[in-house]
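Structure at a glance
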Amino acid sequence: MTDITYNNPISKPVELGLYFIGLWPKYTYSLIHRLLWVIILGIVLILEYRYVMLHIATDDLAELMDCFSITVSNSLLFIKLIILWFKQRTFNEIVAMMNEDWLECITIGRNVDMMTSKIFIAHKFSKISTIIYGGGVIMFLIPVIFAEERIFVLKMEFPFDATVSPFYELINMIQFFQEVTFASASGMLNGVMMTMILHTGGQVEIMCQAMEEFMNQMDEHGSCLNVLKKLIVKHDRIILFSGYIEELFTYIALLQFFSNTMAICFSGFVIMTSIGTEEGNAILAKTVPYYTVVNVEAFILCFAGEYLSSKSLIIGQKAYDTNWYNLKPNESKYILFLMLRAQRRLTITVGKFLDLSLESFASILKASASYASVLHAMY
């Protein structure tokens, strides 16, 4: 990993994606990009919800759930973007702090390998996430290709006859590329969150390494008051950075927690009812990749919270492992204060009332399975 160098803690594809959605700091044309996203997503959601409202009493329940699950995902993306745009100042602070931390590592020439490894993982994750999300939409074409009648990539209710040529072909092309763009944006936003979380983990590891060096200095020199003060400042910076992440993603996590539960439930119901039917293979080819992606999205969100919490607890353990009891009273209070503050875990919450963890992911799966079972019994 040491032969790889990075000049930016945020990967180039993610940076371009942030430009594209109008979120990159001090981007001149961000307002134009945001306006285009609002117009396009607004039109798409109006047509999708119009279809749901007009067919809620006539369509087959499985087809309606298939349509509604994708509509929920697109709605979530729209709300995510609005929240992030309103939190632009917080996002700018996060990016600035990440750049400062990275430049500090390069300037002093220490911990570069440690941060490079985190950046390497974040870059790879961002690319894979975007490719998986965008690539999964390709399977949406299978039902369109093999259907006996003319159907669309996404179920929408148009104010005109859209099944005649060339409108039919043009609309399907637009829907496909539009959904690839939406899915890639969702994957990119997951990459942004994991980049921030991994950066926090790297800073925690740097602080733990500093505490190990502190132990050696304590044995050699006896007094390390300046080092202790630097550790407190470093810990404050990690807490502040984590607080910014929490502020940015807490309400996104709340919406995603419930929308993922619904999407997993609806798509799971479609999978159960499609097995053994005439068009089952085509429906499964479309729904199974989508079901997988939604589960992965929920897992990534919960894993990020779990990773952040576990990393934050390491600080208190490392502080306890030092020979703090051999310090002078005016020095030991810094370590005791550090241990006290480290007892409060850093985490991402679901709307301020539930910590994101792997246990939360298990609860999403259990709730989704129970709801899908109820729908299947009603069906």
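Predicted model only: the values in this text are computed from it and were never measured.

**Considerations on the overall build of the protein chain**
Counting secondary structure elements, the protein chain contains 11 helices and 0 strands. Put simply, the protein chain runs from its N terminus to its C terminus through helices and strands in the order α-α-α-α-α-α-α-α-α-α-α. Each principal axis of the C-alpha distribution contributes one length, and for the protein chain these read about 85 × 50 × 35 Å. Roughly 18,600 Å² of accessible area belongs to the protein chain as shown, and the carbon and sulfur atoms make up 65% of that amount.

**A word on the environment of Lys118**
Along the chain, Lys118 turns up in helix H5 (residues 112-136). Taking the C-alpha atoms as reference points, Lys118 and Gln203, 85 residues apart in sequence, are found 9.8 Å from one another. Leaving out residues up to four positions away in the same chain, Lys118 has contacts with Leu198, Gly201, Gly202, Glu205, Tyr307 and Lys311.

**A few points about the layout of surface pockets**
Its volume calculated, the second largest pocket comes out at about 520 Å³. Every residue lining the second largest pocket is counted, 20 residues in all, and those nearest its centre are Glu104, Arg110, Ile206, Ala210 and Lys230. Only helix H4 (88-108), helix H7 (167-221) and helix H8 (225-274) provide two or more residues apiece to the lining of the second largest pocket. When residues in the lining of the second largest pocket are grouped by element, the largest group, 8 residues, is from H7.

**Considerations on the UniProt feature "transmembrane region" (unreviewed entry) in the protein chain**
Following the UniProt record, one finds the feature "transmembrane region" (unreviewed entry) at residues 31-52, 64-86, 128-147, 248-276 and 288-308. In residues 128-147, the share of helix is 75% and the share of strand is 0%. The end C-alpha atoms are 31 Å apart. In this annotation, residues 248-276 is assigned 93% helix and 0% strand; the end-to-end C-alpha distance for the span is 44 Å.

**Describing the side chain of Asn74**
In this fold, Asn74 is placed in helix H3 (residues 61-86). Only 3.2 Å separates the side chain of Asn74 from the side chain of Glu48, close enough to count as a polar contact. Look past the residues within four positions of Asn74 in its chain and what remains in contact with it is Leu41, Val44, Leu45, Glu48, Glu179 and Phe182.

**Focus on the packing of H8 against helix H11 (residues 358-378)**
Viewed as axis vectors pointing N to C, H8 and H11 meet at an angle of 45°, and their least axial separation amounts to 8 Å. Our classification of the angle between H8 and H11 gives oblique. Here H8 and H11 pass one another in a crossing that is right-handed. Of the residues in H11, those in contact with Phe257, Asn260, Thr261, Ile264, Cys265, Phe266, Phe269, Met272 and Thr273 of H8 are Ser360, Ser363, Ile364, Leu365, Ala367, Ser368, Tyr371, Ala372, Ser373, Leu375 and His376. Looking at the contact of H8 with H11 residue by residue, the class counts come to 12 nonpolar, 8 polar and no charged.

**Observations regarding the packing of aromatic side chains**
Counted by the stated rule, this structure contains 15 aromatic pairs. With a centroid separation of 5.5 Å and an interplanar angle of 80°, the aromatic rings of Phe20 and Trp37 are classed as edge-to-face. One end of the pair, Phe20, is in helix H1 (residues 12-20); the other, Trp37, is in helix H2 (residues 30-55), with 17 residues separating them in the sequence. Judged by its relative accessible area of 44%, Phe20 is partly exposed. For Trp37, a relative accessible area of 6% puts it in the buried group. For the ring pair Phe158 and Phe160, a centre distance of 5.8 Å and an interplane angle of 45° mean the geometry is tilted. Classification of Phe160 as partly exposed rests on a relative accessible area of 42%. Here a set of aromatic residues connected by ring pairs shows up, and it is made of Phe152, Phe158, Phe160, Phe167 and Tyr168.

Parameters and conventions
- Residues numbered from 1 in each chain as written.
- Predicted model: local features only at pLDDT ≥ 70, side-chain atom pairs only at ≥ 80, totals over all residues.
- Heavy atoms only, no water.
- Helix = DSSP H or I, 4+ residues; strand = E, 2+ residues; numbered from the N terminus.
- Areas by Shrake-Rupley, 256 points an atom, 1.4 Å probe, with all protein chains shown as cover.
- Contact = heavy atoms within 4.5 Å.
- 1 Å grid on protein atoms, 1.4 Å probe; cavity = no way out; pocket = protein on both sides within 12 Å on 5 of 7 lines; lining within 4 Å.
- Points joined across faces, edges and corners; volume = space filled by probe spheres on them.
- UniProt positions renumbered as here; feature names shortened; annotations may be inferred.
- Polar contact = N/O pair within 3.5 Å; in protein donor to acceptor, adjacent residues only side chain to side chain.
- Axes fitted to C-alpha atoms, helices over the stretch in contact; angles between N-to-C directions.
- Parallel < 35°, antiparallel > 145°, perpendicular 65-115°, else oblique.
- Left-handed = near helix turned anticlockwise from the far one by under 90°.
- Nonpolar A, V, L, I, M, F, W, Y, C, P; charged D, E, K, R; others polar.
- Phe/Tyr/Trp six-rings, centres within 6.5 Å; stacked < 30°, edge-to-face > 60°.
- Buried < 20%, exposed > 50% of the residue type's maximum accessible area, 1.4 Å probe, protein only.

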